[in-house]
Amino acid sequence: MQKKIEEIKQKALELISEANSPEKIQETRVKFLGKKGELTALLKSMKDVDPAMRPQIGAWVNQARAQIEKQMELAGEEMKAKMLKQRLAAETIDVTLPGKAPKQGHLHPNEIALREVERIFIGLGYEVVSGPEVEYDEYNFEKLNIPKGHPARDEQDTFYINSNIVLRTQTSSVQARIMEQGKLPIRIISPGRVFRSDAVDATHSPSFHQIEGLLIDEKSSFSDLKGTLEVFAKELFGENTKTKFRPHHFPFTEPSAEMDVSCFKCGGKGCRFCKGEGWIEILGCGMVHPHVLEMCGLDPEKYSGFACGVGLERIALLKYEIDDMRLLYENDMRFLEQF
Ligand code: DAH
């Protein structure tokens, strides 16, 4: 009997020493010490043993059991330590490796140009305001002296939501909204998106941006307009920039003009950039029409002022010498990353 117990014990210890996972050890526990285990079976067979021998055999079995359990415990701990070591080795982080630099975006050329224009006007005491892109016909046309059937509507055909609501064709719509509020004097610029039913080409897009300027006060004259826009041009295109005002027509200003700046590329001599002209057209402007003042609730006897409207894309294209407006919208990184 003693031999048999010894044999079972040796077999168990051997299996434990070969075990390479906690599961294997558990299997061995079940095989030898479990309810139906080999050692347990021995104890159960005690009834067939001479009663005098029973205490002795019981002691041997318990000894063997204790040894097996002890060995299992040791092996389990060893295994745990080994696994921990392996895990630590596998999960090592090399804190000295160089990190991945986060990709940082940058401003779109339109936005850079806009901030430049805003900086200049804010410096002159203007406030930046915004108005809705989906606008009443009344603000986009009627209150700007462009009644239904007026030929100026043809040049600014747009997208109609219904017969009273349009996608605004010009930021001039904000002029009427601000004047109506009646807080004077007014000194604002209003940048934003405008829409026209134009086909896309190098100089047109159904959606582009304008910046409107408006000043209304008790005393203001065409020379204020000229002085202001001259400062604007010099700040934007350089100290040596000259300006030229050509008479023009806009329904909501009288008199009206277009302002040209001397070509900042050739200084006015004429080059490919200014198409040999020496001058580049930059914006529309004029003294706010008395009828517009009146329609917006201001007394034209008391108040006067000037307005101007400039295309943001036009500024960006000129400033960065880009010859196709479509480049500004195509989101081609090879183009955008140059700015
Ligand atoms: N709104 C005009 C346009 O889109 C531009 C313009 C011209 C605005 C003269 C003005 C202005 O404020 O006085 O063509």
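Preceding this section is the structure that the text describes.
This section reports on the structure supplied with the text.

Cut-off values and rules
Residues numbered from 1 in each chain as written. Predicted model: local features only at pLDDT ≥ 70, side-chain atom pairs only at ≥ 80, totals over all residues. Heavy atoms only, no water. Helix = DSSP H or I, 4+ residues; strand = E, 2+ residues; numbered from the N terminus. Rg over C-alpha atoms; globule rule 2.2 N^0.38 Å. Buried < 20%, exposed > 50% of the residue type's maximum accessible area, 1.4 Å probe, protein only. Pairing = 2+ DSSP bridges. Near = heavy atom within 4 Å. Polar contact = N/O pair within 3.5 Å; in protein donor to acceptor, adjacent residues only side chain to side chain. Areas by Shrake-Rupley, 256 points an atom, 1.4 Å probe, with all protein chains shown as cover. Nonpolar A, V, L, I, M, F, W, Y, C, P; charged D, E, K, R; others polar. Contact = heavy atoms within 4.5 Å. Expected span 1.5 Å × (residues − 1). Arc of directions from axis to C-beta. Core = buried A, V, L, I, M, F, W, Y, C linked by side-chain atoms within 4.5 Å.

1. As for the overall build of the chain
Here is step 1: Assigned secondary structure in the chain consists of 12 helices and nine strands.
Here is step 2: Taken against the 2.2 N^0.38 rule, which gives 20 Å for 339 residues, the C-alpha radius of gyration of the chain at 44 Å runs more than 25% over that of a compact globule.
Here is step 3: Taken along the three principal axes of its C-alpha coordinates, the chain extends 135 × 45 × 35 Å.
Here is step 4: Counting only residues that meet the buried cut, the chain has 41% of its 339 residues in that class.

2. A short note on the pairing of strand 7 (residues 253-262)
Here is step 1: In terms of burial, strand 7 is largely enclosed, as eight of its 10 residues are buried.
Here is step 2: From the end of strand 6 (residues 243-250) to the start of strand 7, which pair antiparallel, there are two residues.
Here is step 3: The sheet contact formed by strand 7 and strand 8 (residues 279-288) spans eight bridges and is antiparallel. When the bridges of strand 8 are listed, Thr253 appears paired with Val288.

3. Some points on the site of the ligand
Here is step 1: Around the ligand, a shell composed of 16 residues is seen, among which Gln170, Ser172, Arg196, Gln210 and Glu212 lie nearest.
Here is step 2: Contacts to the ligand include Ser172, whose side-chain N or O atom sits 2.9 Å from a nitrogen atom.
Here is step 3: Taking Arg196, its side chain carries an N or O atom lying 2.8 Å from an oxygen atom of the ligand.
Here is step 4: Protein burial of the ligand: of its 350 Å² of free accessible surface, 91% is covered by the chains.
Here is step 5: Every element with two or more residues in the shell around the ligand is listed here: strand 5 (207-217), strand 8 and strand 9 (304-311).
Here is step 6: Its residues assigned to classes, the shell around the ligand shows five nonpolar, nine polar and two charged.

4. Quick word on the environment of Gln156
Here is step 1: Tracing the chain through its elements places Gln156 in the loop between helix 7 (152-155) and strand 3 (165-167).
Here is step 2: Given the relative accessible area of 13%, Gln156 is considered buried.
Here is step 3: Along the backbone, Gln156 and Ser197 are 41 residues apart, and their C-alpha atoms lie at a distance of 7.8 Å.
Here is step 4: Every residue in contact with Gln156, bar those within four places of it in the chain, is listed here: Phe141, Thr169, Gln170 and Arg196.
Here is step 5: Here the side chain of Gln156 touches Gln170 through a polar contact of 3.4 Å, side chain to side chain.

5. Here we look at helix 1 (residues 2-18)
Think of an α-helix as turning once every 3.6 residues; residues three or four places apart then point the same way.
Here is step 1: Taking 1.5 Å of rise per residue, 17 residues should cover 24 Å, and helix 1 covers 24 Å from first to last C-alpha, within 8% of that figure.
Here is step 2: Here helix 1 has its buried residues at Ile5, Ile8, Lys9, Ala12, Leu13 and Ile16. Along the axis of helix 1, the buried positions cluster into a sector of 130 degrees, meaning they face one direction only. Opposite the buried face of helix 1, at more than 90 degrees from it, the exposed residues are Lys3, Glu7, Glu14, Ser17 and Glu18.
Here is step 3: For helix 1, the elements touching its buried residues are helix 2 (22-33), helix 3 (38-44) and helix 4 (54-90).

6. Structural notes on the nonpolar core
Most often, soluble globular proteins have nonpolar side chains that are buried together.
Here is step 1: The biggest cluster of nonpolar side chains holds 33 residues, and the ones touching the most others in it are Leu229, Phe232, Ile282 and Leu283.
Here is step 2: Considering every element that reaches this core, the biggest residue donor is helix 9 (residues 222-237), with six residues.
Here is step 3: Beyond its immediate chain neighbours, meaning those up to four positions away, Ile282 contacts Phe237, Met259, Asp260, Val261, Val310, Arg314, Ile315 and Leu318.
Here is step 4: If you look at the next biggest cluster of nonpolar residues, it comprises 22 residues, including Val174, Cys296, Leu298 and Ala307.

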